[in-house]
Amino acid sequence: MKYLYRIYQLFVAIPILIVWTIFIALLVIIGCALGNGNFWGYYPGKWWSWVNIRLFLLPVTVEGRSHLEKGKSYVFVSNHQGAFDIFLIYGFLGRHFKWMMKHQIQKIPFVGRACKASNQIMVDKRGPKKIKATYDKAREVLTGGVSLVVFPEGARTFTGHMASFKRGAFMLADDLQLPVVPITINGSFNVMPRMRDWHWVNWHPLKLTIHQPIYPIEQGPVNVNTTMADSYQAVMSALVPEYQGMVENPDQ
């Protein structure tokens, strides 16, 4: 079955993925240029991700959508197991949101231009002014029910285990007094770990667990630290036993 799956990827899934990605990227760029950036900046990406997961025949389970209130802004924080995290969250979270992503993504052909056109938040740490600009843009986004998705580890895992969280997302949530929603991803590391980028996709079920929102208890460092610790524990609690426990990520 493994080799049949690889033949399917080579002759069906990968060619469709390439064409589909270029089409969606152009749709986002053109749609956002014409207007209604909220629609074109979110829904084509959702369709792109949903189709990509289905294209590789990966089963998906989602738990916890009922924890979310309609029309409310959240800061979602998730573990980062692999490349398919993007497809899983974008395609199956079911919330209108923007990504907080590394500014280097802008260099990816078509995709980078689409991310910029759709006003995804590019994290640029090359100096205090750029860092401030990143957070100013995030504050603008988190209005009118639009949420934000952040990978607070800062990079994909090398082991399947979680590394430590960075404070940025929690400081932003504290500043705006927004609830933080922890998300646990299982299976993405098994599908395609970062050590095997651009290799074959491995068939494995994917699971997205949406935890209870964590509301601010006050404003300031105590709230930031408490929310970050509680979020970390929530994400860790739903990981499969194989990947329980923290392992430092060398490129955090």
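Residues numbered from 1 in each chain as written. Predicted model: local features only at pLDDT ≥ 70, side-chain atom pairs only at ≥ 80, totals over all residues. Heavy atoms only, no water.

1. Some thoughts on the overall build of the chain
A count of helical and extended segments in the chain gives nine helices and seven strands. For 252 residues, the compact-globule estimate of 2.2 N^0.38 gives 18 Å, and the C-alpha radius of gyration of the chain, at 18 Å, lies within 12% of that figure. The buried share of the chain, taken over its 252 residues, is 49%. By sequence separation, contacts in the chain at least 24 residues apart represent 75% of the contacts at least 6 residues apart. As displayed, the chain offers around 12,300 Å² of accessible surface, 64% of which is attributable to carbon and sulfur atoms. Distance between charge centres in the chain, computed from 26 positive and 15 negative side chains, equals 9 Å. (Helix = DSSP H or I, 4+ residues; strand = E, 2+ residues; numbered from the N terminus. Rg over C-alpha atoms; globule rule 2.2 N^0.38 Å. Buried < 20%, exposed > 50% of the residue type's maximum accessible area, 1.4 Å probe, protein only. Contact = heavy atoms within 4.5 Å. Areas by Shrake-Rupley, 256 points an atom, 1.4 Å probe, with all protein chains shown as cover. Lys, Arg positive; Asp, Glu negative; His and termini not counted. Charge placed at Lys NZ, Arg CZ, Asp CG, Glu CD.)

2. Observations concerning the pairing of strand S2 (residues 75–78)
The side chains of a regular strand alternate between the sheet's two faces. Where burial is concerned, the two faces of S2 agree: the one with Val 75 and Val 77 and the one with Phe 76 and Ser 78 are both buried. Both S2 and strand S5 (residues 147–150) contribute to a ladder of three bridges, which runs parallel. Directly across from Val 77, in S5, lies its bridge partner Val 150. Sheet topology note: the S2/strand S6 (residues 180–186) ladder contains four bridges and is parallel. Paired with Ser 78 across the two strands is Ile 183, which belongs to S6. (Pairing = 2+ DSSP bridges.)

3. Some words on a nonpolar patch on the surface
Residues Ile 14, Ile 18, Val 19, Ile 22, Leu 26, Ile 30, Leu 34 and Phe 110 make up a contiguous nonpolar surface patch of about 730 Å² in total accessible area. Looking at the element boundaries, Val 19 is found in helix H1 (residues 2–34). With relative accessibility at 57%, the residue Val 19 sits in the exposed group. (Patch = residues over 30% accessible without salt bridge, like charges linked within 9 Å, V, L, I, M, F, W, Y side chains within 5 Å. Salt bridge = Lys/Arg side-chain N within 4 Å of Asp/Glu carboxyl O.)

4. Structural notes on helix H7 (residues 168–176)
Looking at H7, one finds that the buried residues are Gly 168, Ala 169, Phe 170, Leu 172, Ala 173 and Asp 174. Next to the buried residues of H7 lie S2, strand S3 (97–102), helix H6 (128–141), S5, S6 and helix H9 (221–237). Directly after H7, the chain includes Gln 177, whose backbone phi takes a positive value near 55°.

5. Topic: the sheet that holds S3
What the seven strands build is an open sheet, ordered S1-S7-S6-S2-S5-S3-S4; its pairing is mixed. Two strands bound the open sheet, and with one partner strand each, they are strand S1 (60–63) and strand S4 (121–123). With direction set aside, neighbouring strand axes in the sheet form an average angle of 20°. Strands S3, S4 and S5 of the sheet are contacted by H6, whose axis makes an angle of about 155° with S4. (Axes fitted to C-alpha atoms, helices over the stretch in contact; angles between N-to-C directions.)

6. Observations concerning the pattern of salt bridges
Following the criterion strictly, the structure yields three salt bridges and no others. With its nearest N and O atoms 3.2 Å apart, the salt bridge here joins Lys 207 to Glu 63. With a gap of 144 residues between them, Lys 207 in strand S7 (residues 206–210) and Glu 63 in strand S1 connect regions that are remote in the sequence. Residue Lys 207 is classed as partly exposed on the basis of its relative accessible area, which comes to 30%. Asp 136 is the partner of Arg 139 in a salt bridge, and the nearest nitrogen-oxygen pair spans 2.9 Å. Note that Arg 139 and Asp 136 are positioned in helix H6 at a spacing of three residues, about one turn of the helix. Arg 139 sits in the partly exposed class, given a relative accessible area of 31%. Residue Asp 136 is classed as partly exposed on the basis of its relative accessible area, which comes to 29%. Among the ionic contacts, a cluster of salt bridges with common partners joins Asp 136, Arg 139 and Asp 175.

In short, shape yes, function no, at least from these values alone.
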